[in-house]
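Reading the structure
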There are 2 protein chains.
Amino acid sequence: MTDYRRLRVALLGAGAVGSQVAGLLIRHADELADRAGAALDLVGIAVRDVDAPRDVELPRELFTTDAEGLIVGADIVIELMGGIEPAREQILLALTSGADVVTANKALLATHGPEIFDAADQVGASVYYEAAAAGAIPIIRPLRDSLAGDRVRRIMGIVNGTTNYILDRMDREGSDFADVLADAQAAGYAEADPTADVEGFDAAQKAAILASLAFHTAVPVDAVHREGITSIDKAVMDAARGAGYVVKLLAVCERLDGADESPSGEAISVRVYPALISREHPLASVHGANNAVFVEAEAAGNLMFYGAGAGGVQTASAVLGDVVSAARRHIAGGVGVGESTRANLPVLPIGRVTTRYQITLEVADEPGVLATVAGILSERSVSIATALQTVLNEANGEPGTARLVIGTHSALEQDLSETVDRLAASDVVARVVSVLRVEGE
Amino acid sequence: MTDYRRLRVALLGAGAVGSQVAGLLIRHADELADRAGAALDLVGIAVRDVDAPRDVELPRELFTTDAEGLIVGADIVIELMGGIEPAREQILLALTSGADVVTANKALLATHGPEIFDAADQVGASVYYEAAAAGAIPIIRPLRDSLAGDRVRRIMGIVNGTTNYILDRMDREGSDFADVLADAQAAGYAEADPTADVEGFDAAQKAAILASLAFHTAVPVDAVHREGITSIDKAVMDAARGAGYVVKLLAVCERLDGADESPSGEAISVRVYPALISREHPLASVHGANNAVFVEAEAAGNLMFYGAGAGGVQTASAVLGDVVSAARRHIAGGVGVGESTRANLPVLPIGRVTTRYQITLEVADEPGVLATVAGILSERSVSIATALQTVLNEANGEPGTARLVIGTHSALEQDLSETVDRLAASDVVARVVSVLRVEGE
């Protein structure tokens, strides 16, 4: 075996991903050395409890509770603890000690990204985070490097495996949200407290990271508009299916023109919500817990990146790719490539975005209702693309009422949401059954 | 605007891609400078005829016929001439003059890749070639960097847009090969001489590049087994559809175990042929002239990369991403990351591969035929997974004959192809209608 320069690799955290990373570093040491051009010596694993059970059997002498002692002197620090502190502090320590950092910590990057990237810039080190955006799907390098000479118009991502698993099963089986969620929890696809997934918090963090990268702008997670999937029930799913759509929780990152806030008129929108997408769209065929990121670029056209969204060993693959990159940089010398946030575009609130709504109403089954509804829409210049009225009976609803599904043309979110408020307040509308955006058209 | 260090960029060739690259370099100069951390000055465009018409309007003073003069003194040389010579010579000149090189030249890399990568290694420069493998789809960085810590088991790629366009239309419309080809030529989707596309030469070059990268092994294009799509007719398409398959021209790059040729027992196979793929497989939904690369990795699981396979402006996006990477490397300092061919695995001939065949035969409609056919298969230990016999009449064939479709279990190619020879020679077989491999199961 070639006599390689040796690099000291420190691992922080030995959970589902961390223990897989440690196992692969040890098991594939020779092959990784060939690829990195350097031997990657795992010198220690910092954990809270050295005796806790692990997913992978690892040499006991590697474990330590002294994270700081391990970090100082390492060439590459892999942070897989998750959470904000002490991850933030230890990453900053690693950077100031001269190490490159690999992390999968989306919560940290979506809240303290600029601080960490600045710290790396100041010492000429690099922070790698392929595993933070869409599990094992290689999306960071394509956005940062491959599309660096292009302009991204829009990203639509299915970036949360749990919600895609739930929505996909509801769609295929006609089941209800609560039942599928309970099943998903039993099968380990959803956490006991599913809030982070089903309320879109996890997807919002990933959206912030993807938007920052695609638009060269620091996007804090607070600037991401977020809606979860808990209001999606069997009726909504059935209606979507009937209209040729499927419901997906989408992270949408979009470049907008004509904004007064920026000299170029350019701004961005970053939002997470359940949306209707045509069954012909490539994202519609992303099933189960898989993820996919659909990118619309000015020159490259439409691209899609598809793969497993989560899982210990899948995420470990992304982490190890970053470790090899970090090692190559160490060997090659030179300074790391910093994050580009020079575009610094304003992030507009959801009201400023142009979308299309599909509004499902329960209305009185009497003459003139459609005219009244159409009148309310026209007050805010919302024009109707499709309208479908179904008279309800005992089998499918309240006799004497009808279900009215209105698809709008593109309009400003603010006008659309005010229109929905007016509809809800109208005498002819018994109930607003659902309001969903239509994306990907 | 920031006062950036200036880099001299030389462009060789101003065809469909080259003129788009030049136009984007000029039009997006400020934005590219921000992303690269350096101003990218297009200092000249070497062409054979400075007065030839171009797709994009460009300043006349940039054009020169003196390629060598332009190359010497450039920091980054973009080679978009195509062909082997003088592209090879000029790339070598660029590298020895201290420039990094960006190229989209798949023919050159698939034949002279090792020579060019060695030359780059010797001077510490880098060769970037994202546009050479699958048009605008970012696949090189994911394979080289993102999956550097993983092990790729298999790649199945739809890497030629022309043949996918033809096969997709044949599948959707039930049309015949010759008619669709003529249409594709009229619409500009296929060349007047379609040989490079329909005989699989273009796909074989891309397969060689993908396999080299995925398996860290120099794979010359001559080692790629290649079959084209000219034998795919309406009857083959109909039979595939009836069985739940679609026919795609696939580039398959596979890691094989148990080979005596290598100390580890590992070897690879690289092959291009039309194959049956289940309609449920993600590759089946790649329509029109689009490309997609499906990657099966040990840890990351299944990934797919999808996008436009060709087109001047799409390919220009990939080239510019490489130019920005090359510029960052120049600014950061350090040596370039060389190609890793350390694994150096043997490339096995097609006969050593394990595949599944779907064999369609025209046989006499008489008792005992299936037994005879089954007997011939068992002689080479090929076992039958499915058998479907349809009696033919005047409407669908020769009365008194039957069509027999045999799906085999996995077996060695050599045994399968010998079995087909024996079937063809058998008295009960009137004609071997088609033989296709089944992939992706």
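Residues numbered from 1 in each chain as written. Chains lettered and ligands numbered in written order. Predicted model: local features only at pLDDT ≥ 70, side-chain atom pairs only at ≥ 80, totals over all residues. Heavy atoms only, no water.

Chain A goes by Homoserine dehydrogenase in an unreviewed UniProt entry, where it is assigned to Microbacterium flavum. What UniProt states about chain A under its Cofactor (unreviewed entry) heading is, verbatim, "a metal cation". As recorded by UniProt, the Sequence similarities (unreviewed entry) comment attached to chain A reads in full: "Belongs to the homoserine dehydrogenase family." (UniProt positions renumbered as here; feature names shortened; annotations may be inferred.)

Some details on the domain arrangement of chain A
Residue and element names in this part refer to chain A. Each assigned domain of chain A is listed with its residue range as follows: domain 1 (6–131 + 313–332), domain 2 (140–309) and domain 3 (353–439). On a C-alpha basis, the centres of domain 2 and domain 3 stand 25 Å from each other. Taken together, the contacts link 20 residues of domain 2 with 10 residues of domain 3. Carbon and sulfur atoms supply 60% of the area buried between domain 2 and domain 3, which totals about 1,200 Å² over both sides. On the domain 2 side of the contact with domain 3, Tyr245, Tyr273 and Leu276 bury the most area, a combined 37% of that side's loss. (Domains from an automatic or database assignment. Contact = heavy atoms within 4.5 Å. Buried area = accessible area lost by both parts, 1.4 Å probe.)

A short note on the side chain of Arg437 of chain B
Residue and element names in this part refer to chain B. Relative to the elements of secondary structure, Arg437 occurs in strand 17 (residues 429–439). Judged by its relative accessible area of 7%, Arg437 falls in the buried class. Among the polar contacts made by the side chain of Arg437, one reaches the side chain of Glu413 at a distance of 2.6 Å. Discounting residues that sit within four places of it in the chain, Arg437 has contacts with His225, Glu227, Tyr273, Pro274, Ala275, Leu276, Ile350, Thr355, Arg356, Tyr357 and Glu413. (Helix = DSSP H or I, 4+ residues; strand = E, 2+ residues; numbered from the N terminus. Buried < 20%, exposed > 50% of the residue type's maximum accessible area, 1.4 Å probe, protein only. Polar contact = N/O pair within 3.5 Å; in protein donor to acceptor, adjacent residues only side chain to side chain.)

Description of the interface of chain A and chain B
The partner chain B presents 50 residues to the 50 residues of chain A that form the contact. Summed over the three residues of chain A that lose the most area to chain B, namely Arg35, Tyr306 and Arg328 of chain A, the buried surface amounts to 15% of that side. A salt bridge links Arg328 of chain A to Asp145 of chain B; the shortest N-O distance between them is 2.7 Å. Summed over the shared surface of chain A and chain B, the number is 19 residue pairs in polar contact (both at pLDDT 80 or more). Those elements that place two or more of their residues in the side of chain A that touches chain B are helix 2 (29–36), helix 7 (140–146), strand 12 (301–308) and helix 13 (312–332) of chain A. Per-element tally for the side of chain A that touches chain B: the top contributor is helix 13 of chain A, with 9 residues. (Salt bridge = Lys/Arg side-chain N within 4 Å of Asp/Glu carboxyl O.)

Side note on the packing of aromatic side chains
Scanning the entire structure with this criterion turns up 5 aromatic pairs over all chains. Consider the rings of Phe117 of chain A and Tyr129 of chain A, whose centres lie 5.5 Å apart with planes at 50 degrees: the pair is tilted. Of the two residues, Phe117 of chain A is situated in helix 5 (residues 106–123) and Tyr129 of chain A in the loop between strand 6 (127–128) and helix 6 (131–134); the sequence distance between them amounts to 12 residues. Given a relative accessible area of 4%, Tyr129 of chain A falls into the buried group. Over the ring of Phe201 of chain B we find Arg226 of chain B; its NZ or CZ atom is 3.8 Å from the centre of that ring. (Phe/Tyr/Trp six-rings, centres within 6.5 Å; stacked < 30°, edge-to-face > 60°. Lys NZ or Arg CZ within 6 Å of the ring centre and 35° of its normal.)

Comments concerning the nonpolar core
Counting residues in each nonpolar core, the largest one holds 166 residues, and the members touching the most others are Ile139, Leu143, Ile166 and Val295 of chain A together with Leu143, Ile166 and Val295 of chain B. Not counting the four nearest positions on each side in its chain, Val295 of chain A is found in contact with Ile139, Leu143, Leu147, Val152, Arg154, Ile155, Gly301, Asn302, Leu303 and Phe305 of chain A. Judged by nonpolar contacts, the second largest core, of 37 residues, contains Ala22, Leu58, Leu80 and Val102 of chain B. (Core = buried A, V, L, I, M, F, W, Y, C linked by side-chain atoms within 4.5 Å.)

Here we look at the sheet that holds strand 1 (residues 6–12) of chain B
Residue and element names in this part refer to chain B. Taking strand neighbours across the sheet as the criterion, the 6 strands line up as 3-2-1-4-5-6 in an open arrangement whose pairing is parallel. A single partner strand is all that each edge strand has here, and the edge strands are strand 3 (63–64) and strand 6 (127–128). Along the sheet, helix 4 (residues 87–96) contacts strand 1, strand 4 (76–79), strand 5 (100–103) and strand 6; its crossing angle with strand 5, the most-contacted strand, is approximately 150 degrees. (Pairing = 2+ DSSP bridges. Axes fitted to C-alpha atoms, helices over the stretch in contact; angles between N-to-C directions.)

Considering the relation of the copies chain A and chain B
Put simply, the two copies of the chain differ by a rotation about an axis and a shift along that axis. Once chain A has been moved 0.0 Å along the axis and rotated by 180 degrees, it coincides with chain B to within an RMSD of 0.0 Å. On the angle and the small slide along the axis, the relation comes out as a two-fold axis. (Least-squares fit on C-alpha atoms with pLDDT ≥ 70 in both.)

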